[in-house]
Amino acid sequence: MPELAFSRRAALRGLGAAGLLAALTGCGVPAAYVPEGRRQGPDLSDRDQALAFSNWPLYIDTDEEDEESRPTLDAFTEKTGIEVRYTEEINDNDEFFGKVSPALMNHQSTGHDLVVISDWMAARFVHLGWAQKMDRSAQANVARYLDPQLRSPAFDEGRLHTVPWQSGITGIAYNRKALGREIKSVKDLWEPDLAGKVTLFSGLDESFALLMQGDGVDVTRWTEPDFHRMCDRVESMVKKKHIRRFTGNDYTSDLSKGDVLACQAYSGDVIQLQADNPDIEFVVPEEGAELWAESLLIPNLARHKANAEALVDYYYDPAVAAQLAAAVNYVCPVPAAREVLAASSDKGTAELAANPLIFPDGEMRKRLVVARDISSAERQSFAKRWNAIVGL
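Here goes a summary of the coordinates provided. Because the structure is predicted, anything quoted here is derived from the model rather than measured.

Considering the overall build of the protein chain
Counting secondary structure elements, the protein chain contains 16 helices and 10 strands. The C-alpha atoms of the protein chain give 21 Å as radius of gyration, which agrees with the globular expectation for 392 residues (21 Å, within 12%). If one aligns the C-alpha atoms of the protein chain with their principal axes, the spans along those axes are about 65 × 60 × 35 Å. Of the contacts made within the protein chain by residues no fewer than 6 positions apart, 79% connect residues no fewer than 24 positions apart. In the structure as shown, the protein chain presents an accessible area of about 16,100 Å², 49% of it carried by carbon and sulfur atoms. In the protein chain, 42 side chains carry a positive charge and 59 a negative one; their mean positions are 6 Å apart.

Listed below in structure tokens is the structure:
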């Protein structure tokens, strides 16, 4: 299993990229939005069989004997002749935004042909016109196999500019044996026997949806009053010292050591924690949980657009998607990959096909929703309030 080094749904710190963008646009920099007709530059794919692909660390399959070897990428190169310059340079959504935004605002190439960022950040790229529309006529696998529940998020209707790399669920993890009872609802986190033994995510984008769902809010259409009611509840729990602390991905250490008994958690992390401690359980609450994705997109003026589109479609081949899912253990955005894993002669691999945290079953899917993103107009004031509660 890959190490749990950090959250791939990195926390929003301060005003982050939103503050940077506001500063840039206030300093005489040209208007940030790029219309569709100005996003594509000369495509060198035909004469240059290469592409630059940037991803998060520990987010792809590797060879057990050679960690520098990535079997699915090697197979893609062998199949197509396209060399992939793969870098693990994305450690934080806002940090990456800050790195590439000056070029994108000035209508320059970033040097990236394909990147993976969290959907709330992908929403920002799409709204700014910084992501190119993909040619679906060249992506038969995407058209056929993309999970219907991820096909049309509010920020990118029809998934014209983005394609999920992996997906996941923000829910609740807890140590059932140590707690001595079940957790079924977000409201269960506020019971007296969990005082001082609960952690929440510090990142606004990572936290808000599940907490609103606990208040019975439809997070596909939440409003400003819904946000402030959620903040009021969390603030009251902070004052009572019911919440131990706010975390990034270090929540996994707290839960493993027993410093906390219940916490907000990501489904992919919990699969790995359960390998060491079967008493840890993951819950999609009765009120529902957030289904999110981290998505592939092609930045403006990418020099190898067609090659990037070919790589995206390659990863939607169910056999390739199954190989990736077996390595990273997040929710697979290609449901057809389940049959591939189930047919494996390796018992451990075949068992992954039955894991609802990789392939959610019908009952679980009824409780999963893709939340409405925080708009640019809302972000500054919402981040200010949330960060004051969290202590950022």
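What follows continues from the structure just given.
Let's talk about the packing of helix α2 (residues 71-80) against helix α11 (residues 305-314)
Packing of α2 against α11 leaves a shortest axis separation of 11 Å and a crossing angle of 125 degrees. As far as their axial angle goes, α11 and α2 are oblique. When the axes of α2 and α11 are compared, the crossing they make is right-handed. Of α11, the residues touching α2 (which contributes Thr72, Leu73, Ala75 and Phe76) are Asn307, Ala310, Leu311 and Tyr314. Among the residues making up the contact of α2 with α11, the classes are represented as six nonpolar, two polar and no charged.

Here we look at helix α4 (residues 119-128)
The element α4 is largely enclosed, with a buried count of nine among its 10 residues. Along α4, the residues that are buried comprise Asp119, Trp120, Met121, Ala122, Ala123, Arg124, Phe125, Val126 and Leu128. Looking one or two residues past α4, Gly129 carries a phi angle of roughly 75 degrees, positive in sign.

Looking at the packing of aromatic side chains
For the coordinates displayed, the defined rule picks out 18 aromatic pairs. Ring geometry for Phe53 against Tyr86: centres 5.2 Å apart, planes inclined by 75 degrees, an arrangement best described as edge-to-face. With Phe53 in strand β1 (residues 50-54) and Tyr86 in strand β2 (residues 83-87), the pair connects residues that are 33 residues apart, well separated along the chain. The burial state of Phe53 is the same as that of Tyr86; both residues are buried. Arranged with centres 6.1 Å apart and planes meeting at 80 degrees, the rings of Phe246 and Trp386 form a pair that is edge-to-face. With Phe246 in strand β6 (residues 243-247) and Trp386 in helix α16 (residues 376-390), the pair connects residues that are 140 residues apart, well separated along the chain. As far as burial versus exposure is concerned, Phe246 and Trp386 are alike and both buried. Counting every residue linked through ring pairs, the aromatic cluster contains Phe53, Phe76, Tyr86, Trp165, Tyr314 and Tyr315. Sitting above the plane of the Phe97 ring, Arg124 keeps its charged end 5.4 Å from the centroid. Above the ring of Trp222, the side-chain terminus of Arg372 is found at 3.8 Å from the ring centroid.

Things to note about a negative patch on the surface
On the surface, a cluster of negative charge is made up of Glu64, Glu65, Asp66, Glu67, Glu68, Asp74 and Glu78. For Asp66, the location among the structural elements is in the loop between β1 and α2.

Considering the side chain of His304
Tracing the chain through its elements places His304 in the loop between β9 (289-297) and α11. With relative accessibility at 4%, the residue His304 sits in the buried group. With residues up to four places along the chain from it excluded, the contact list for His304 reads Asp43, Leu44, Ser45, Asp48, Ala50, Leu51, Arg85 and Asp113.

Focus: the pattern of salt bridges
Within the structure shown, the criterion is met by 23 salt bridges. One salt bridge connects Glu281 with Arg176, and the closest N-O pair in it is separated by 3.7 Å. Taken as a pair, Glu281 in strand β8 (residues 280-283) and Arg176 in helix α6 (residues 176-179) lie far apart in primary sequence, 105 residues in all. Given the relative accessible area of 28%, Glu281 is considered partly exposed. Among the ionic pairs, Arg245 bridges to Asp250, the shortest N-O distance being 3.1 Å. For Arg245, a relative accessible area of 29% puts it in the partly exposed group. Asp250 gets classed as partly exposed once you look at its relative accessible area, which sits at 34%. Via salt bridges that share partners, Arg176, Glu182, Lys184 and Glu281 belong to a single interconnected network.

Conventions used here
- Residues numbered from 1 in each chain as written.
- Predicted model: local features only at pLDDT ≥ 70, side-chain atom pairs only at ≥ 80, totals over all residues.
- Heavy atoms only, no water.
- Helix = DSSP H or I, 4+ residues; strand = E, 2+ residues; numbered from the N terminus.
- Rg over C-alpha atoms; globule rule 2.2 N^0.38 Å.
- Contact = heavy atoms within 4.5 Å.
- Areas by Shrake-Rupley, 256 points an atom, 1.4 Å probe, with all protein chains shown as cover.
- Lys, Arg positive; Asp, Glu negative; His and termini not counted.
- Charge placed at Lys NZ, Arg CZ, Asp CG, Glu CD.
- Axes fitted to C-alpha atoms, helices over the stretch in contact; angles between N-to-C directions.
- Parallel < 35°, antiparallel > 145°, perpendicular 65-115°, else oblique.
- Left-handed = near helix turned anticlockwise from the far one by under 90°.
- Nonpolar A, V, L, I, M, F, W, Y, C, P; charged D, E, K, R; others polar.
- Buried < 20%, exposed > 50% of the residue type's maximum accessible area, 1.4 Å probe, protein only.
- Phe/Tyr/Trp six-rings, centres within 6.5 Å; stacked < 30°, edge-to-face > 60°.
- Lys NZ or Arg CZ within 6 Å of the ring centre and 35° of its normal.
- Patch = residues over 30% accessible without salt bridge, like charges linked within 9 Å, V, L, I, M, F, W, Y side chains within 5 Å.
- Salt bridge = Lys/Arg side-chain N within 4 Å of Asp/Glu carboxyl O.

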